[in-house]
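# What the coordinates show
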Amino acid sequence: MKKAGLAIAIALMGGSVQAAQTGFHEALSKGEVYGDLRLRFEQVQQDNALRDAESVTLRTRLGYRTADYNGLSGLVEFEDVRNVAGLDDYNDTLGKNPNYSVIADPETTELDQAYLQYRFGDITGRLGRQVITYDNHRFIGDVGWRQDRQTFDAARLTYTPSTNLAIDYAFLSQRNRIFAESQDLPSKDHIVNVAYQTPLGKLTGYAYLLEIDEGVDNSLDTVGLRYVGGYDLEPLGIIYEAEYAIQEAESGGADFDAEYYKLNAGIDIAGVIVSAGLEVLGSDNGNYGFSTPLATLHGQNGWADQFLNTPLVGLEDASLSVKAPVAGGGLTLKYHDFRASDSPGGASDLGSEVDVVYQRKFAENYSAGIKYARYMAGDAATGKVDTDKLWLTLAAKF
């Protein structure tokens, strides 16, 4: 009898192992291969001694995503950026052509993402190299506009007890930046983002506690609240956004404090959106400017990228934008007026900028766009000059 029971147990165990192997094999075999291509021409002209820059680059991504196996899944993705058509007259930020203006798209081939993910009820855990973005990318983003996007080596945990509430925590051990692997930074970053969907909009509270792991004190701690939403008043739609944050920074033995706030409001008339906003990155008496080093900065204070680093005197960005559907695509026009938020010397004019972009999808998996930015330096914009940038883009996904 005992022998019969043992034989049955072994048979059942063997069946369980075989079933597990079969399920795991199916998760791999039923996974998804995906990829995308993005071909871009970029031109930069600046009113200084640097030569005008031009580039044509092709960004290729290829990845594989497994199917789910008892809540477990994985993803691996590679990225390659190459110059094509022999047009590479630009400073790539890594020492190539330093007498040209900067186009931050160095040639590189690297592991873009590689992670394991496990879902258990309302909890999702992800470990490995991954894309992490929050809200409007003002603080944490993937810098997706550049050809080599930003990812993080991270452990991330998300808890969604209801459709209205999401609690997210991530520990970042490395910042894989947009300048190829040689410029990646080891870090000890703690990221907390809690979002609650109300009837009139989403309320988000966050704490971003950042530190580059280089053996010296360089903490950058930001805590804030954000509310964004809309209200339908037929035939108009009302949109609104408000955000406030405080920041404490420690660098080189010195401590700094600065504030951030943003207000934006607009109306939607038959798909045409007109909005006005004010964003203020504060200053600590002209000695420090509010900083967001992990942001998708290109999408924030003008596409000419003149304020990727906040001036020590801070930055006030008053903007007016119009978005409209045009000929099957989308057209956006935006104007920025830049001022210092704290100007001990009196002068505060940091310049102005006009941005325009038209993008359109076609043939289901393809898209094309043209984008232009013109920055006009102000009398207080130390080290900045008039700048024109032009982009032509063609992209495909499969």
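Residues numbered from 1 in each chain as written. Predicted model: local features only at pLDDT ≥ 70, side-chain atom pairs only at ≥ 80, totals over all residues. Heavy atoms only, no water.

So, on to the packing of aromatic side chains. In the structure shown here, the tally under the stated rule is 14 aromatic pairs. Here F139 and Y206 contribute two aromatic rings whose centre-to-centre distance is 5.2 Å and whose plane-to-plane angle is 40°, an arrangement assigned as tilted. Placement of the pair is F139 in the loop between β5 (123-130) and β6 (151-162) and Y206 in strand β9 (residues 201-210), with a sequence separation of 67 residues. Neither F139 nor Y206 differs from the other in exposure class; each is buried. Seen in terms of ring centroids, Y227 and Y240 are 6.4 Å apart; in terms of plane orientation they differ by 10°. Their pairing is stacked. On the criterion of sequence distance, the pair formed by Y227 in strand β10 (residues 220-233) and Y240 in strand β11 (residues 236-251) is long-range, its members being 13 residues apart. According to the relative accessible area criterion, Y227 is partly exposed, its value standing at 26%. (Phe/Tyr/Trp six-rings, centres within 6.5 Å; stacked < 30°, edge-to-face > 60°. Helix = DSSP H or I, 4+ residues; strand = E, 2+ residues; numbered from the N terminus. Buried < 20%, exposed > 50% of the residue type's maximum accessible area, 1.4 Å probe, protein only.)

This part covers the side chain of T332. Summarising the element assignment, T332 is placed in strand β15 (residues 329-339). In this view, T332 contacts W303, V322, K323, D355, V356 and V357; residues no more than four positions away in its chain are not counted. (Contact = heavy atoms within 4.5 Å.)

Here strand β1 (residues 32-46) pairs with strand β2 (residues 53-65) via 13 bridges, running antiparallel. By the bridge assignment, Y34 is partnered in β2 with G63. Hairpin remark: β1 followed by β2, antiparallel, with 6 residues in the connecting loop. As consecutive antiparallel partners, β2 and strand β3 (residues 72-89) are separated by 6 residues, and within that stretch N70 has a phi angle of approximately 50°, a positive value. (Pairing = 2+ DSSP bridges.)

Attention shifts here to the pattern of salt bridges. Evaluation of the coordinates by the stated rule reveals 25 salt bridges. In this structure, D112 and R149 form a salt bridge, with 2.9 Å as the shortest nitrogen-oxygen distance. Here the residue D112 occupies a position in strand β4 (residues 108-120), and R149 occupies one in the loop between β5 and β6, the gap between them amounting to 37 residues. Of the two residues, D112 and R149, both sit in the buried class. Between D337 and R339 there is a salt bridge, with the nearest N and O atoms lying 3.3 Å from each other. (Salt bridge = Lys/Arg side-chain N within 4 Å of Asp/Glu carboxyl O.)

Moving on: the environment of L350. Here L350 is to be found in strand β16 (residues 349-362). Once the C-alpha coordinates of L350 and A340 are considered, the two residues, 10 residues apart in sequence, prove to be 6.5 Å apart. Excluding residues within four positions of it along the chain, L350 makes contact with F307, P311, G314, L315, F338, R339, A340, Y375, G378, A380 and A381.

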